[in-house]
Amino acid sequence: MITIKDLCFAYPGGDFQLEIPTLSLEAGEKVAVVGPSGTGKTTLLNLIAGITVPASGSVFMGDQLVSAMTDPERRALRASRIGFVFQDFALLDYLSARENILFPYRIAAGARIDAQARARAQELAASCGLAGKLDRHPNALSQGEQQRVALCRALIMQPQLVLADEATGNLDPANKTAILDLLFARTAEQGATLLAVTHDHELLPRFDRVIDFSAFRRTEGPAA
């Protein structure tokens with residue numbers, strides 16, 4: 001599903017540099033990424049999603065060379081094949097929870113918000129305990145509720161790859177277990193690959209594999 005080779009990335013004007021000689025994720029794998037803050041875990045997700053591009057090296061999604069795509073091509077790839085749960089949620093304040101969940105349909109080529117899409121949004125929201133809050137805007141939701149909206153949005157298009165940056169970080173233990181159950185079940189249903197950054201080591205036994213990011217070469221500096 002994902003193959004990284006000889007990747008090097010640095011932020012302009014900073015002293016942070018990330019080097020990954022090789023990294024691969026198989027289709028359907030559930031992989032956790034751990035490591036101290038500042039080692040580049042969020043940067044890795046952004047590179048895989050094509051939000052940022054490496055200075056050198058390659059990032060493949062299947063046989064598609066993501067790192068060589070144009071900006072519009074990378075946006076189209078994210079909209080159609082990648083679900084991303086951002087650490088800061090990245091919800092649109094002017095949209096309701098329902099509209100935020102359905103937002104990928106607005107930007108994916110050929111997608112439209114029909115009765116089936118609305119039913120799927122309702123079903124996902126209900127499974128996350130949000131059924132009665134879909135008409136609320138983000139500022140009327142708790143952090144945990146906002147995080148669950150972001151998770152629903154990431155899953156709504158049934159992506160082949162789900163990237164989750166601390167997807168359970170703002171949840172209480174009961175909701176944390178429920179959301180992880182949902183994330184695993186939905187990715188398994190569609191044979192999707194899951195790559196999740198987490199600081200919660202209690203969750204690690206549930207993953208197929210754990211990548212310790214402290215193993216990769218880098219210079220210290222501002223990075224997530």
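The structure we're discussing is the one just above.
Read on for a plain summary of the structure. (Residues numbered from 1 in each chain as written. Predicted model: local features only at pLDDT ≥ 70, side-chain atom pairs only at ≥ 80, totals over all residues. Heavy atoms only, no water.)

Some thoughts on the overall build of the chain
Selection criterion: Helix and strand assignments follow DSSP, with helices taken as H or I runs no shorter than four residues and strands as E runs no shorter than two, numbered in order from the N terminus. Buried, partly exposed and exposed residues are distinguished by accessible area as a fraction of the type maximum, computed with a 1.4 Å probe on protein chains only: under 20%, between the cut-offs, and over 50%, respectively. Throughout, a contact is declared for two residues whenever any of their heavy atoms are within 4.5 Å. For the area figures, the Shrake-Rupley method with a 1.4 Å probe applies, and any residue is considered shielded solely by the protein chains shown. Under the counting rule used here, the positive set is Lys and Arg, the negative set is Asp and Glu, and His together with the chain ends is not counted. To locate a charge, the coordinates of NZ of Lys, CZ of Arg, CG of Asp or CD of Glu are taken.
Helix and strand counts for the chain stand at six helices and ten strands. Projected onto its principal axes, the C-alpha coordinates of the chain cover approximately 45 × 40 × 35 Å. Residues counted as buried form 49% of the 224 residues belonging to the chain. Counted over contacts in the chain with a minimum sequence separation of 6, partners at least 24 positions apart contribute 73%. For the chain, the accessible area works out to roughly 10100 Å², and carbon and sulfur atoms hold 51% of it. For the chain, the distance from the average position of its 22 positive side-chain charges to the average position of its 25 negative side-chain charges is 5 Å.

Considering the side chain of Glu 145
Where we set the bar: Here a polar contact means two N or O atoms within 3.5 Å. Within protein one must be a hydrogen donor candidate and the other an acceptor candidate, and residues neighboring in sequence count only if both atoms are side-chain atoms.
With respect to the element layout, Glu 145 can be found in helix α5 (residues 143–155). For Glu 145, a relative accessible area of 10% translates into the label buried. Of note is the side chain of Glu 145, whose polar atom sits 2.9 Å from the backbone nitrogen of Ser 142. When near neighbours in sequence (up to four residues on either side) are disregarded, Glu 145 contacts Leu 130 and Lys 133.

As for the sheet that holds strand β9 (residues 209–212)
Here is the rule: The pairing criterion for strands is at least two bridges between them, as found by DSSP. Angles run from 0 to 180 degrees between N-to-C directions of axes, and those axes are lines fitted to C-alpha atoms, restricted for helices to the stretch in contact.
Read from one edge to the other, the open sheet built from five strands follows the order β6-β7-β8-β3-β9, with strand pairing classed as parallel. Two strands close off the open sheet at either side, each with one partner strand: β6 (82–85) and β9. The average undirected angle you get between the axes of adjacent strands in this sheet is 15°. As judged from the four bridges shared by strand β3 (residues 30–34) and β9, these two strands associate in the parallel manner. Note that in β9 the partner of Val 31 across the bridge is Arg 209. In the packing of helix α2 (residues 71–81) onto the sheet, contacts are made with β6 and β7 (161–165), and the angle to β6 comes to roughly 85°.

Section: the packing of aromatic side chains
Rules: Here a pair means two rings of Phe, Tyr or Trp (six-membered ring of Trp) with centres within 6.5 Å. Their orientation is stacked below 30 degrees between planes, edge-to-face above 60, and tilted elsewhere.
Counted under the stated rule, the structure contains four aromatic pairs. Aromatic side chains Phe 184 and Phe 207 sit 5.2 Å apart centroid to centroid with 90° between the ring planes, which places their arrangement in the edge-to-face category. Here Phe 207 lies in the loop between β8 (193–197) and β9 and Phe 184 lies in helix α6 (residues 173–189), a separation of 23 residues in the sequence. Of the two residues, Phe 184 and Phe 207, both sit in the buried class. One aromatic cluster is present, built from ring pairs that chain together Phe 9, Tyr 11 and Phe 16.

Things to note about the packing of helix α3 (residues 97–107) against helix α4 (residues 115–127)
We apply this condition: Each angle receives one of four descriptions, namely roughly parallel if under 35 degrees, roughly antiparallel if over 145, roughly perpendicular if within 65 to 115, and oblique otherwise. Two helices cross in a left-handed way if the nearer one is turned anticlockwise from the farther one by less than a right angle. They cross in a right-handed way if the turn is clockwise. Charged means Asp, Glu, Lys or Arg here, nonpolar means Ala, Val, Leu, Ile, Met, Phe, Trp, Tyr, Cys or Pro, and polar covers whatever is left, Gly included.
At a minimum axis separation of 10 Å, α3 and α4 run at an interaxial angle of 130°. The pairing of α3 with α4 is recorded here as oblique in orientation. Once α3 is placed against α4, the crossing between them reads as right-handed. Residues Arg 98, Ile 101, Leu 102 and Tyr 105 of α3 form the contact with α4, whose own contacting residues are Ala 117, Arg 118, Ala 121, Gln 122 and Ala 125. Classifying every residue of the contact of α3 with α4 gives six nonpolar, one polar and two charged.

Comments concerning the pattern of salt bridges
Which entries qualify depends on this criterion: We define a salt bridge as a side-chain nitrogen of Lys or Arg found within 4 Å of a carboxyl oxygen belonging to Asp or Glu.
Evaluation of the coordinates by the stated rule reveals eight salt bridges. Its salt-bridge partner being Asp 200, residue Lys 176 comes within 2.8 Å of it at the nearest N-O pair. Within this pair, whereas Lys 176 is found in helix α6, its partner Asp 200 is found in the loop between β8 and β9, the two being separated by 24 residues in sequence. Residue Asp 200 is classed as buried on the basis of its relative accessible area, which comes to 16%.

Here we look at the side chain of Gln 146
When you line up the elements, Gln 146 lands in helix α5. With relative accessibility at 17%, the residue Gln 146 sits in the buried group.

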